[in-house]
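# Structural overview
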Number of protein chains: 2
Amino acid sequence: MRDAPDDRPLTASSLSRGAGVALWRQISETLEREISDGVHAAGARLPTEAELAERFGVNRHTVRRAMAELEEHGLIDVTQGRGTFVHLGAIAYLIGRRTRFHENMRRENRHARLELLDSAIEPAPTAVARELEIAAGVRVIRLDTRSHADGLPLSLASHYFPATRFPGLVEIFRETGSVTASFARYGIADYTRKRTRVSARLPDSREQRLLEIARTRPVMATEAINVDAEGQVVEFGLSSFASDRIQLVFEG
Amino acid sequence: MRDAPDDRPLTASSLSRGAGVALWRQISETLEREISDGVHAAGARLPTEAELAERFGVNRHTVRRAMAELEEHGLIDVTQGRGTFVHLGAIAYLIGRRTRFHENMRRENRHARLELLDSAIEPAPTAVARELEIAAGVRVIRLDTRSHADGLPLSLASHYFPATRFPGLVEIFRETGSVTASFARYGIADYTRKRTRVSARLPDSREQRLLEIARTRPVMATEAINVDAEGQVVEFGLSSFASDRIQLVFEG
DNA sequence: GGGTATTTGTTCGTATGTATT
DNA sequence: TAATACATACGAACAAATACC
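To keep things clear, this report deals only with the structure shown in the data block.

Scoring rules and cut-offs
Residues numbered from 1 in each chain as written. Chains lettered and ligands numbered in written order. Predicted model: local features only at pLDDT ≥ 70, side-chain atom pairs only at ≥ 80, totals over all residues. Heavy atoms only, no water. Salt bridge = Lys/Arg side-chain N within 4 Å of Asp/Glu carboxyl O. Helix = DSSP H or I, 4+ residues; strand = E, 2+ residues; numbered from the N terminus. Buried < 20%, exposed > 50% of the residue type's maximum accessible area, 1.4 Å probe, protein only. Near = heavy atom within 4 Å. Polar contact = N/O pair within 3.5 Å; in protein donor to acceptor, adjacent residues only side chain to side chain. Nonpolar A, V, L, I, M, F, W, Y, C, P; charged D, E, K, R; others polar.

### Description of the pattern of salt bridges
Pairing is possible between side chains that carry opposite charge, provided their charged atoms lie close to one another. Enumeration over the complete set of coordinates arrives at 38 salt bridges over all chains. The closest approach of N and O atoms between Arg142(A) and Glu122(A), which form a salt bridge, is 3.1 Å. Of the two residues, Arg142(A) sits in strand β4 (residues 139–149) while Glu122(A) sits in strand β3 (residues 112–123), which places them 20 residues apart along the sequence. A relative accessible area of 19% means that Glu122(A) is categorised as buried. Several salt bridges converge on common partners, so that one network encompasses Arg215(A), Arg25(B), Glu29(B), Arg65(B), Glu69(B) and Glu72(B).

What follows is the structure, encoded as structure tokens:
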């Protein structure tokens, strides 16, 4: 009853109805294959939902379900009013135990930038106080930053420092644009990462906006503790990395 | 024109139509608040989609969109035919540089199990050969495992070992159920993690099934290299961790 | 074990809203 | 402003998985 003789392009690739596989999944798998085969180049615009619905002989909702799947897996980027585009390849970036952000980016030949989003001096939240090994409520400096590589946002971070040890840190950071360079002003020539916790989750709306990632693309959330040569905690950092653009590498 | 005087329960919490916020989002935010407020306890069953549609005065599709959002963020677990349940709190599990799986679980007072899914002796794929520092095509032993804590799956892994150095490893592992214990049989009393790469992504269908996680819950994918006391590479492991149940901790 | 009710999953159709070009 | 393209929402029907008797 449904065989459509030959009035449709080859690409119709006839879905099998009533088999165990949902139509939307067959469509997403077809498009995934076409993308990996290069039928649709990276950055290229895909046909509109209406056109795809026509091509596969299904309702537009069914196409939308397939597109949602592809977006979820980071293969496409969808924007209302503009269209749907094949996702541009990820930028790889490594982070190590003693490696600094700018150093790292230089090695990768990328243009690095650490943008200061916000700063404050405030009483330490209990969790922050515990990690900095100071009493709860003692004042800490908070720097909220966003890192970029070649203009593309890589990560968001909140850096916490004990306020008494680093007077005027905010201004110095604003000047240097680097945590490492700021530490140098206080005589800290070397500091190491004592511990890093890593987890993965989906981004909240702030992260979606500032990292420019889709709702469905996971971030890696890290908690890092940096200590000076004497083992004193000098920084506690909470970061979220766009997992599509970064791979964390721990040497040890 | 639509104001519904007072014939509806308090919980109707009247959505605002035509405001800037989509109905499905208002619903998901309402339910999220109720969950965090304890109106729906962890593990408790939520009302059915039909009931929620009735309660909010919307179509079931609209409720489903809200539920998809909550599932995406790990707040609920949805199973066809069973219903929708508030997500049970995550099990925290730590992994360090010299820490072993069983050791780790003992410290956490959890019942550990390392299940052998598959094993083979095969020519090393190029990527594996590079990491093991052997020639491409040289035979390696592959162990595919699944780890459990208290019966809940935590991670999947493929472990690669140079075949010449570990003859009979498959049988020994089947006997001991532990990589560390197996190594001991070959005189390797100590080994350390040389490098670990971490990234995050959404699970493929195999991972969804074997880790028992929803399509939208990210996994942390790791590549780890273990070396013996002489610095010789003894194992290359590819793992994926259920990020809802594990947090990776790197000490260093 | 088997049949039935319940609950979520898929698919179609239609209409209207909103962002971009 | 107009056209295009994705986003939201409603209604209906059936499929598939599970729970219950």
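### As for the protein's contact with DNA strand D
Contacts to DNA strand D come from 24 residues, most closely from Arg17(B), Leu23(B), His61(B), Thr62(B) and Arg82(B). Among the atoms of DNA strand D close to the protein, meaning within 4 Å, 70% are from sugar or phosphate groups. With respect to DNA strand D, the backbone of Glu49(A) contributes an N or O atom lying 3.1 Å from a phosphate oxygen. Measuring from a phosphate oxygen of DNA strand D, one finds a backbone N or O atom of Leu23(B) at 2.4 Å. Looking at the surface near DNA strand D, the elements with two or more residues in it are α3 (60–72), β1 (76–79) and β2 (83–86) of chain A together with α1 (23–36) and α3 (60–72) of chain B. Grouping the constituent residues of the surface near DNA strand D by class yields five nonpolar, twelve polar and seven charged.

### Regarding the environment of Glu29(B)
Residues and elements named next belong to chain B. By secondary structure assignment, the location of Glu29 is in helix α1. We classify Glu29 as partly exposed; its relative accessible area is 38%. Each C-alpha atom, one on Glu29 and one on Leu70, is 8.8 Å from the other, the two residues being 41 residues apart in sequence.

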